[in-house]
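Summary of structural features
Read off the chains here:
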Amino acid sequence: MIVTIDGVAASGKSSVSAGVAQALGVPYVSSGLLYRAVTLLGLEAGAALHEPAALLDCLQANPPRLEALASGNRVWLGQRDLTPDLHSTRVDRGVSVVAALPEVRAWVDAQLRTLPAPLVAEGRDMGTNVFPHAQAKFYLTASPRVRAQRRAYERPEDVAAIEAALTERDRLDTVQSAPAADAHVIDTSELSLQGVIDAVLARLPAR
Ligand code: DC
């Protein structure tokens with residue numbers, strides 16, 4: 001079975017996907033980490049983030065590899081664990097530009113499609129584009145203020161600045177962020193993490 005969990009930035013996708021995957025006893029896959037890894041490598045190489053050729057050169061020379069562990073996803077570049085550097089403010093700022101490039105999207109999609117089912121896949125276009133045949137699709141939303149408050153626990157910035165950055169990222173991500181026509185849309189603003197996980201599990205087809 002493939003379950004897709006898409007949604008806006010900081011809607012709780014990663015924590016919910018991890019919890020659902022754990023309940024099902026299957027791996028989860030965080031596609032946003034691959035976009036973040038491409039962004040980090042571009043920044044470190046001094047590449048212009050809107051130029052696909054330079055980014056693809058980096059990817060072809062030394063491709064990052066997603067490790068879909070049940071305990072948390074990691075991205076490796078050879079022996080180097082990129083994961084701790086993927087949620088910095090500079091990666092947050094650049095990632096929408098990188099994720100808008102069709103060439104980068106094609107590379108990420110190809111990595112994801114090699115992963116064997118069963119799995120829970122989390123991102124923006126898992127249900128619409130990467131796994132359109134998934135058995136169950138979800139789309140998580142939450143108000144910008146609630147999302148900013150959640151992020152404020154992870155980032156040393158004030159809530160208003162985070163909310164402004166999230167709203168801007170929503171705008172830049174709209175193209176690839178639409179819910180699939182057959183997705184269950186869940187507003188997580190008023191729900192606890194376990195409440196969202198339970199809502200997803202309750203809507204899965206009989207196993
Ligand atoms: O889920 P996240 O915040 O880690 O995602 C980082 C960025 O990657 C986000 O700004 C949008 C982009 N992204 C995407 O375009 N498609 C995906 N499937 C996953 C993420």
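Here, every reference points to the structure presented above.
The paragraphs below set out a description of the structure included in this document. (Residues numbered from 1 in each chain as written. Predicted model: local features only at pLDDT ≥ 70, side-chain atom pairs only at ≥ 80, totals over all residues. Heavy atoms only, no water.)

A word on the pattern of salt bridges
Charged atoms that come close allow side chains of opposite charge to pair. What counts here: Salt bridges are identified by distance alone: a Lys or Arg side-chain nitrogen within 4 Å of an Asp or Glu carboxyl oxygen. Comment: elements are numbered from the N terminus, with helices defined as DSSP H or I runs of at least four residues and strands as E runs of at least two. Each residue gets one of three labels from its accessible area relative to the maximum for its type: buried under 20%, exposed over 50%, partly exposed in between, using a 1.4 Å probe on protein chains only.
What the rule picks out here adds up to 10 salt bridges. We note a salt bridge from Glu-44 to Arg-80, for which the minimum N-O separation is 2.9 Å. With a gap of 36 residues between them, Glu-44 in helix α2 (residues 31–45) and Arg-80 in strand β5 (residues 80–81) connect regions that are remote in the sequence. The partner of Asp-81 in a salt bridge is Arg-74, and the shortest N-O contact between them spans 2.7 Å. Overall, Asp-81 belongs to the partly exposed group, its relative accessible area being 22%. Counted as one network, the salt bridges with shared partners bring together Glu-44, Arg-80 and Asp-85.

Some points on the side chain of Asp-92
Using the following cut-off: Two N or O atoms count as a polar contact when they lie within 3.5 Å, although within protein this holds only if one can serve as hydrogen donor and the other as acceptor, and sequence-adjacent residues are included solely when both atoms are side-chain atoms. Any two residues having at least one pair of non-hydrogen atoms within 4.5 Å are treated as being in contact.
Positionally, Asp-92 belongs in helix α4 (residues 89–99). At 2.8 Å, the side chain of Asp-92 and the side chain of Arg-36 are in polar contact. With near-sequence residues (within four places) excluded, Asp-92 lies in contact with Arg-36, His-87, Arg-155 and Arg-169.

Focus: the packing of α2 against helix α3 (residues 52–61)
For clarity, the threshold we go by: Here the axes come from fitting lines to C-alpha atoms, over the contacting stretch only for helices, and the angles between their N-to-C directions go from 0 to 180 degrees. Each angle gets one of four labels, with under 35 degrees taken as roughly parallel, over 145 as roughly antiparallel, 65 to 115 as roughly perpendicular, and the rest as oblique. Note on residue categories: nonpolar means Ala, Val, Leu, Ile, Met, Phe, Trp, Tyr, Cys or Pro, charged means Asp, Glu, Lys or Arg, and polar means any other residue, Gly included.
Axis separation between α2 and α3 bottoms out at 10 Å; the angle between their running directions is 105 degrees. Considered as vectors, α2 and α3 are oriented roughly perpendicular to each other. Counted together, Val-38, Leu-41, Gly-42 and Ala-45 of α2 and Leu-55, Cys-58 and Leu-59 of α3 form the full contact between these two elements. Taken together, the residues of the contact of α2 with α3 break down into 6 nonpolar, 1 polar and no charged.

Brief notes about the layout of surface pockets
We apply this condition: Lining residues are defined by having an atom within 4 Å of a point belonging to a cavity or pocket. Those points lie on a 1 Å grid over the protein atoms alone, cavities being sets where a 1.4 Å probe fits but cannot get out and pockets being open sets with protein on both sides within 12 Å along at least five of seven lines. Grid points are joined across faces, edges and corners, and a volume is the space filled by probe spheres set on the points.
Space inside the largest pocket adds up to approximately 860 Å³. Around the largest pocket, the lining is made up of 40 residues, and of these Lys-13, Ser-14, His-87, Glu-122 and Arg-151 lie nearest the centre. Mapped onto the lining of the largest pocket, the elements with two or more residues apiece are α1 (13–24), β2 (28–30), α2, α4, β6 (119–123), α7 (144–152), α8 (159–173) and α9 (193–202). Class assignment of the residues belonging to the lining of the largest pocket gives a composition of 13 nonpolar, 15 polar and 12 charged. Taken together, 14 residues form the lining of the second largest pocket, with Asp-92, Arg-93, Ala-165, Leu-166 and Arg-169 sitting closest to its centre. At the level of secondary structure, the elements contributing two or more residues to the lining of the second largest pocket comprise α4 and α8. Ranked by residue count, the leading element in the lining of the second largest pocket is α8, at 7 residues. Within the lining of the second largest pocket, the residues separate by chemical class into 5 nonpolar, 2 polar and 7 charged.

Examining the site of the ligand
Counted only if it meets this: Any residue with a heavy atom positioned within 4 Å of a molecule or strand is treated as near that molecule or strand. Here the Shrake-Rupley method, with its probe set to 1.4 Å, supplies the accessible areas, and only the displayed protein chains count as covering residues. By definition, a pocket or cavity contains a molecule when more than half of the molecule's atoms lie within 2 Å of the pocket's grid points.
Around the ligand, the surrounding shell holds 16 residues, and the nearest of these are Arg-36, Arg-105, Asp-125, Arg-169 and Asp-173. Contact distances for the ligand include 3.4 Å between an oxygen atom and a side-chain N or O atom of Lys-13. The separation between a nitrogen atom of the ligand and a polar side-chain atom of Ser-31 is 3.0 Å. Summarising the interface, the protein chains cover 97% of the accessible area of the ligand, which totals 440 Å² for the free molecule. In this structure the site holding the ligand corresponds to the largest pocket. Secondary structure elements with two or more residues in the shell around the ligand: α2, α4 and α8. Of all the elements, α2 adds the most residues to the shell around the ligand, at 4 residues. Tallied by class, the residues present in the shell around the ligand amount to 4 nonpolar, 5 polar and 7 charged.

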